[in-house]
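Descriptive structure summary
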Amino acid sequence: MKKLLIQPCVLMVVSLGMLFTACKKGEGTVTILDEPTVSIEFVGTPGVSDVTVKFIPTEKAAKYNFAIGTDQDRENFENGDIVGMQSEDSNQEVTYSWSDLEAGEYYVVYAMAYDAEGAAGPVSAHGFKTASSDFLVEAYYVGDNSAAFRITNTNDYYTYKFALGTADDKEAFMNDELEAITTKSEVFDWAENYFDLVPDTEYVFYCQGQDRSGRSTQLFEIPITTYSEGSDEIPNFVFEEGPKDFYMQEYTVTPNALCKQLVLYQQPEGASDGTMFGVNNWKGLLLDMFDSWKDIENIGSVAYGACITTAVNEELKAQMTTVDLELENPLDVYVTAYDEMYNPYLVKKFKNTTPAFNSSAALPDASDFTITTSNVTAEGLDISISYTSDNTRAFFYDLVSGNYWENEIKGDMEALKNKMITDYLNLAWCYNPAGKAIENNYVFSEDEQKTDAVPGATLYVGVLAMNENGPIEGGWADAVALSEPFTIPVE
């Protein structure tokens, strides 16, 4: 998952590899004979159980060997008897990683070069200690324009600081001069996510903790290189926006060959950030969070948004909705890609917004609607609503008391419309139905059975439509469409 940046963190001071010839008395020059040497550079900070090292041979070197061991293994390495020795039969640089190391243990990396005639140069050696598991910093995921880093520690460490920068920012970070520095206190598991990174670019994540006695941890340096834009080296996808309005937004997400599943989550901007990034909730662990959310049918029970998952290795066609029903409403869209083992691999974040007001959009006309009622009982009735105009995007409908319509407001359409607008969040809702028609069995609520839908009462079905601008001035129809009156039967 990690894409490491080839950036040295610690440079070993090696033997100069020079032999000085004897010189005659009175001569003022010294002849220097170069030997083949190879230098050792660490790539990032040694982890709890792994280390990555870059070997850089000099021009004189024709080949070289390298290995990892203890400080007692130097003679074995020189004799070629060390277990796990690697050879490079060229003058090329090599980056090599060892894993399965013991946490908090001291190791030595050895290297020795040979010239074209097979003569060996001096041994290069660099010791290091693997990190302790009580404070750990590692890459959580790396993509082409996003990455995250996870910090885990015991409660012995009460605070830590971190920042994402470049290899040139090390001193500024250590001196607290880097603008991007963030500090966390009493947070023992945290993932910091970055969603606006530049593809194919080198970064270094810096982190340093402090324990309760005031002692600082080592400086953690986690170098990464983001992948090229749209890279097929990793599970990836193409994200496309589709049509959108005040309620529904459409997306098409096409996976590449390495991406076996997709999860798309949308929310009004920042709506669930307290859940996603709260220190007592998911703490920024988005891979884990979206993986746990992907199979929840009612995601609204845990988040202010919606989550849609593809079947295996299929294009994702998502229709997302916003219950706010507002124009120019900023939205957060997160897409998680899964690898060939169906594990969440990376997360990307996209920005969207519902459209702006369209002043040229024609309003729905109440006369376009046909409303019929049937099978009226004391418990409910069947309602059929259809319309012909393309100006209607959605509508609300409700029962209208005959006493209210005929006696209280005496057929005042503006009063009826304003009442429905005031109550619209409590009304039945229909959005862009197939065939511009719906049929619904309407069941009276207990409250309706005690007030409006009492035996012998006269009722209407009222429909208040809206255009693409939604439930606002300039979106509502001019009038409420009313059905023919019907009467609740008396038993």
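The coordinates are above.
Residues numbered from 1 in each chain as written. Predicted model: local features only at pLDDT ≥ 70, side-chain atom pairs only at ≥ 80, totals over all residues. Heavy atoms only, no water.

Comments concerning the packing of aromatic side chains
- Considering all chains together, one arrives at 40 aromatic pairs under this definition.
- Taken together, a centroid distance of 4.2 Å and an interplanar angle of 25 degrees make the contact between Phe55 and Phe66 stacked. Within this pair, whereas Phe55 is found in strand S5 (residues 51-57), its partner Phe66 is found in strand S6 (residues 63-69), the two being separated by 11 residues in sequence. With respect to burial, Phe55 and Phe66 carry one shared label: buried. (Phe/Tyr/Trp six-rings, centres within 6.5 Å; stacked < 30°, edge-to-face > 60°. Helix = DSSP H or I, 4+ residues; strand = E, 2+ residues; numbered from the N terminus. Buried < 20%, exposed > 50% of the residue type's maximum accessible area, 1.4 Å probe, protein only.)

Digging into the pattern of salt bridges
- Summed over the entire model, instances satisfying the criterion amount to 14 salt bridges.
- Here Lys348 makes a salt bridge to Asp144, at a shortest N to O gap of 2.9 Å. Of the two residues, Lys348 is situated in strand S24 (residues 344-353) and Asp144 in the loop between strand S11 (135-142) and strand S12 (147-153); the sequence distance between them amounts to 204 residues. In this structure, Lys348 and Asp144 share a single accessibility class: buried.
- A salt bridge links Asp332 to Lys351, with the shortest nitrogen-to-oxygen separation between them at 2.6 Å. (Salt bridge = Lys/Arg side-chain N within 4 Å of Asp/Glu carboxyl O.)

Re helix H6 (residues 413-422)
- Buried within H6 are the following residues: Leu416, Lys417 and Met420. Seen along its axis, H6 keeps its buried residues to an arc of 100 degrees; they face one direction.
- Buried residues along H6 sit against strand S27 (394-401), helix H5 (402-408), strand S30 (458-466) and strand S31 (481-482).
- The backbone nitrogen of Glu414 has a side-chain oxygen 3.1 Å away, supplied by the residue at the start of H6, namely Asp412. (Arc of directions from axis to C-beta. Contact = heavy atoms within 4.5 Å. Polar contact = N/O pair within 3.5 Å; in protein donor to acceptor, adjacent residues only side chain to side chain.)

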